[in-house]
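Structural overview for review
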Amino acid sequence: MTTSPTSPAPHTTAPRRGSATCVFAVCPRASADALADALASVSGHVTASGPVRALAAGPLTAVVQDVPAEAFTPEALRERLADRDALERYARAHDEVVAATAATAPAIPLPLATLYLEDARARDALTADAQRFLTVLDRVTGRDEWGVKLTLTAPAATPPPEPAPAAQAATGRAYLDRLRGRQHARDDRRQAAYDAARHVRERLRPLAAASRDLRLQDTGTHPQVANTAYLVDRSRAGAFAAAVAALRSAPETAGRVRVELTGPWAPYSFTGEDHDENPG
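Predicted model, so just to flag it, every value in this text is computed and none were measured. (Residues numbered from 1 in each chain as written. Predicted model: local features only at pLDDT ≥ 70, side-chain atom pairs only at ≥ 80, totals over all residues. Heavy atoms only, no water.)

The helix and strand tally for the protein stands at 7 helices and 10 strands. Across the 280 residues in the protein, those meeting the buried criterion constitute 42%. Taking as baseline every contact in the protein between residues at least 6 positions apart, the subset at least 24 positions apart corresponds to 78%. Total accessible area computed for the protein in this model is approximately 14400 Å², and 53% of it derives from carbon and sulfur atoms. (Helix = DSSP H or I, 4+ residues; strand = E, 2+ residues; numbered from the N terminus. Buried < 20%, exposed > 50% of the residue type's maximum accessible area, 1.4 Å probe, protein only. Contact = heavy atoms within 4.5 Å. Areas by Shrake-Rupley, 256 points an atom, 1.4 Å probe, with all protein chains shown as cover.)

Shown next, in the form of structure tokens:
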């Protein structure tokens, strides 16, 4: 499991019996009453032993749920996270709670399996880090995360088959020339894609409060050249989406990269400090 810099380290030594407190997100204290209806509509973890609820923690409100401690021991978690289907169900349940929370109040999503032995432990840990959480809440309030992914528009070229020895002898120079030409074409296409990615960033960054380059994803025959998260004021969401739409047909990008927009999401990528603050 992973933790963000603003998240207290989750406890991983829960007892094998009884319940533990799983924390999904952190909000301002003033959001507690507004969260009641939103939390009533989500079920949370499939192994939960109680409803999703709000927990006061100093100047903060944590969105939590009681879960069977034995289902969240390090051994149980390793087994579950190694199962692709179980991991997907687990992640979807977590995201459902975070999304319901973020739709109601400013929220900081916490990582999967942020677990404490009891409410008091969770309250103490969150309160100890309250200033950092409040700083992040100030950053994300009124803003959503949007994702912009760029992939090459043409499939990645595969190397030509190796010619037979006789053919190599007869056409060696021509073969090498063709090979170099294909390599140059691939290099030119990638360079054009990277130039397009730079143009996209230059166009979108002024419309966002912050941005962060994420790890490239495996997209098969269409390599990804950029995967960027943008933190956007809700009042500028329309302008941001319109700018992305215009980039799809812009001369700098058309025929070079495919531009995909995702979101809006809870601000998962902006809970730490590893992002760029952009001019607004």
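Having seen the structure, we can now continue with the description.
On to the confidence of the model for the protein. Averaged over all residues, the pLDDT of the protein is 82; the fraction at 70 or higher stands at 78%. Mean pLDDT across the elements of the protein bottoms out in strand S10 (residues 276-277) (69) and peaks in helix H7 (residues 237-248) (96). This model gives residues 1-16 a pLDDT under 50, and the stretch forms 47 contacts once residues within four places in sequence are excluded. (pLDDT = per-residue confidence, 0-100.)

Inspection of the secondary structure puts alanine 54 in strand S2 (residues 53-57). In this structure alanine 54 touches Leu39, Thr61 and Ala62, once residues within four positions along its chain are discounted.

As a further point, take the side chain of aspartate 144. Structurally, the position occupied by aspartate 144 is in strand S6 (residues 143-152). Polar side-chain contacts of aspartate 144 include one of 3.1 Å to the side chain of arginine 234. The contact partners of aspartate 144, leaving out residues within four places of it in the chain, are Tyr230, Leu231, Val232, Arg234, Pro264 and Trp265. (Polar contact = N/O pair within 3.5 Å; in protein donor to acceptor, adjacent residues only side chain to side chain.)

Moving on, we get to the side chain of histidine 94. On the secondary structure map, histidine 94 appears in helix H3 (residues 84-102). Filtering out sequence-adjacent residues up to four positions away, histidine 94 remains in contact with Val23, Phe24, Leu110, Pro111, Leu112 and Tyr268.

This paragraph deals with the pattern of salt bridges. For the structure on display, the rule yields 9 salt bridges. The partner of aspartate 144 in a salt bridge is arginine 234, with the nearest N and O atoms 3.1 Å apart. Taken together, the residues span a long stretch of sequence, with aspartate 144 in strand S6 and arginine 234 in the loop between strand S8 (224-233) and H7 at a distance of 90 residues. For arginine 234, a relative accessible area of 45% gives the class partly exposed. (Salt bridge = Lys/Arg side-chain N within 4 Å of Asp/Glu carboxyl O.)

Between helix H2 (residues 74-81) and H3, the shortest axis-to-axis distance is 6 Å and the interhelical angle comes to 105 degrees. By the angle class used here, H2 and H3 are roughly perpendicular. Contacts from Leu77, Arg80 and Leu81 in H2 reach Ala86, Leu87 and Tyr90 in H3. When grouped by side-chain class, the residues that make up the contact of H2 with H3 number 5 nonpolar, no polar and 1 charged. (Axes fitted to C-alpha atoms, helices over the stretch in contact; angles between N-to-C directions. Parallel < 35°, antiparallel > 145°, perpendicular 65-115°, else oblique. Nonpolar A, V, L, I, M, F, W, Y, C, P; charged D, E, K, R; others polar.)

A separate point is the packing of aromatic side chains. For the structure on display, the rule yields 2 aromatic pairs. On the numbers, 6.5 Å between centres and 45 degrees between planes, the contact of tryptophan 146 with phenylalanine 240 is tilted. One end of the pair, tryptophan 146, is in strand S6; the other, phenylalanine 240, is in helix H7, and 94 residues separate them in sequence. Ring centres of tyrosine 230 and phenylalanine 240 lie 5.3 Å apart, and the angle between their planes is 55 degrees; on these two criteria the pair is classed as tilted. Placement of the pair is tyrosine 230 in strand S8 and phenylalanine 240 in helix H7, with a sequence separation of 10 residues. In this structure phenylalanine 240 comes out as buried when scored by relative accessible area, which is 0%. Site record: aromatic cluster; members linked through ring pairs are Trp146, Tyr230 and Phe240. (Phe/Tyr/Trp six-rings, centres within 6.5 Å; stacked < 30°, edge-to-face > 60°.)

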